[in-house]
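# Residue-level structural notes
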Amino acid sequence: MQNGNGKKNGLLLTDFELEVMNNLWSRGKASASRIQMDMIRSGLMYAYPSVYSVLRKFTRTGICKFHQSGYISTFSPQKTRDQIAEAWIKHLEQKIFGA
């Protein structure tokens, strides 16, 4: 994080985005359809295009990496849970304390 502002570099994830990343962190590498199916199994009903769209956004912002092998597209995390948590902590410090 260059300037301490997680929002500008995309590290302040929404609840839905965190669910996608939690699944990706758990698996290490997965397709959008695998993540969507895992989310459905855990009771989170999100459409495939929503999951895929978030993963592509993460690719653009460096949160995850896109892999293509023939017809199979997979994603792997590039940011750790600690990096995302740090962005949120800094964001909250700035909001609460104006630091």
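Owing to the predicted nature of the structure, the values given are computational and were not obtained by experimental measurement.

The next point concerns the overall build of the chain. Helix and strand content of the chain: 4 helices and 2 strands. Beginning at the N terminus, the succession of helices and strands in the chain can be written as α-α-α-β-β-α. Across the chain, contacts joining residues at least 24 apart in sequence account for 50% of those joining residues at least 6 apart. Carbon and sulfur atoms provide 52% of the accessible area of the chain, an area that totals close to 6,200 Å².

Right, let's talk about the nonpolar core for a bit. Grouped together as the largest cluster of nonpolar side chains are 21 residues, with contacts concentrated most on Val20, Met21, Leu24, Ile35, Val51, Leu55 and Phe58. Sorting the residues of this core by element identifies helix H1 (15-27), helix H2 (32-41), helix H3 (48-61) and helix H4 (81-97) as the ones contributing at least two each. Per element, the largest residue contribution to this core is 5 residues, and it comes from H1. Those residues in contact with Val51 that lie beyond four places of it in its chain are Phe16, Ala32, Ile35, Gln36, Met39 and Tyr46.

Here we take up the side chain of Asn23. Structurally, Asn23 can be placed in helix H1. Here Asp38 takes part through its side chain, which lies 3.3 Å from a polar atom of the side chain of Asn23. With residues near it in sequence (within four places) discarded, Asn23 still touches Ile35, Asp38 and Met39.

Because an α-helix packs 3.6 residues into every turn, residues spaced three or four apart end up facing the same way. Compared with an ideal rise of 1.5 Å per residue, which puts 13 residues at 18 Å, H1 spans 19 Å between its outermost C-alpha atoms and is within 8% of the ideal. Three or more residues of H1 are buried, namely Phe16, Glu17, Val20, Met21, Asn23, Leu24 and Trp25. Contacts made by the buried residues of H1 are with H2, H3, strand S1 (64-69), strand S2 (72-77) and H4. Just downstream of H1, Gly28 is the residue with a positive phi angle, here 90°.

Evaluated as defined, the whole model comprises 4 aromatic pairs. Three or more aromatic residues joined by ring pairs make a cluster, and in this case those are Tyr48, Tyr52, Phe66 and Phe75. Here the guanidinium or amino end of Arg56 rests over the ring plane of Phe66, the centre of that ring lying 4.3 Å away.

Here we come to the confidence of the model for the chain. Detailed conclusions should not be drawn from predicted coordinates in areas where pLDDT is low. Put simply, the chain has an average pLDDT of 90, and 90% of its residues get 70 or more. Across residues 1-6, confidence stays below pLDDT 50; counting only partners more than four residues off in sequence or on other chains, it has 12 contacts.

Moving on: the pairing of S1. In terms of strand pairing, S1 meets S2 through 6 bridges, oriented antiparallel. In the sheet register, Gln68 faces S2, and the bridge partner there is Ser73.

Following the criterion strictly, the structure yields 4 salt bridges and no others. A salt bridge links Arg27 to Asp38; the shortest N-O distance between them is 2.5 Å. Of this pair, Arg27 sits in helix H1 while Asp38 sits in helix H2; the two residues are 11 residues apart in sequence, bridging distant segments of the chain. With a relative accessible area of 42%, Arg27 lands in the partly exposed category. Residue Lys90 is joined to Glu86 by a salt bridge in which the shortest nitrogen-to-oxygen separation is 3.1 Å. Of this pair, Lys90 and Glu86 both sit in helix H4, 4 residues apart, roughly one helical turn. Taken together, the salt bridges that share partners define one network made up of Arg27, Asp38 and Arg41.

What counts and what doesn't
- Residues numbered from 1 in each chain as written.
- Predicted model: local features only at pLDDT ≥ 70, side-chain atom pairs only at ≥ 80, totals over all residues.
- Heavy atoms only, no water.
- Helix = DSSP H or I, 4+ residues; strand = E, 2+ residues; numbered from the N terminus.
- Contact = heavy atoms within 4.5 Å.
- Areas by Shrake-Rupley, 256 points an atom, 1.4 Å probe, with all protein chains shown as cover.
- Core = buried A, V, L, I, M, F, W, Y, C linked by side-chain atoms within 4.5 Å.
- Buried < 20%, exposed > 50% of the residue type's maximum accessible area, 1.4 Å probe, protein only.
- Polar contact = N/O pair within 3.5 Å; in protein donor to acceptor, adjacent residues only side chain to side chain.
- Expected span 1.5 Å × (residues − 1).
- Phe/Tyr/Trp six-rings, centres within 6.5 Å; stacked < 30°, edge-to-face > 60°.
- Lys NZ or Arg CZ within 6 Å of the ring centre and 35° of its normal.
- pLDDT = per-residue confidence, 0-100.
- Pairing = 2+ DSSP bridges.
- Salt bridge = Lys/Arg side-chain N within 4 Å of Asp/Glu carboxyl O.

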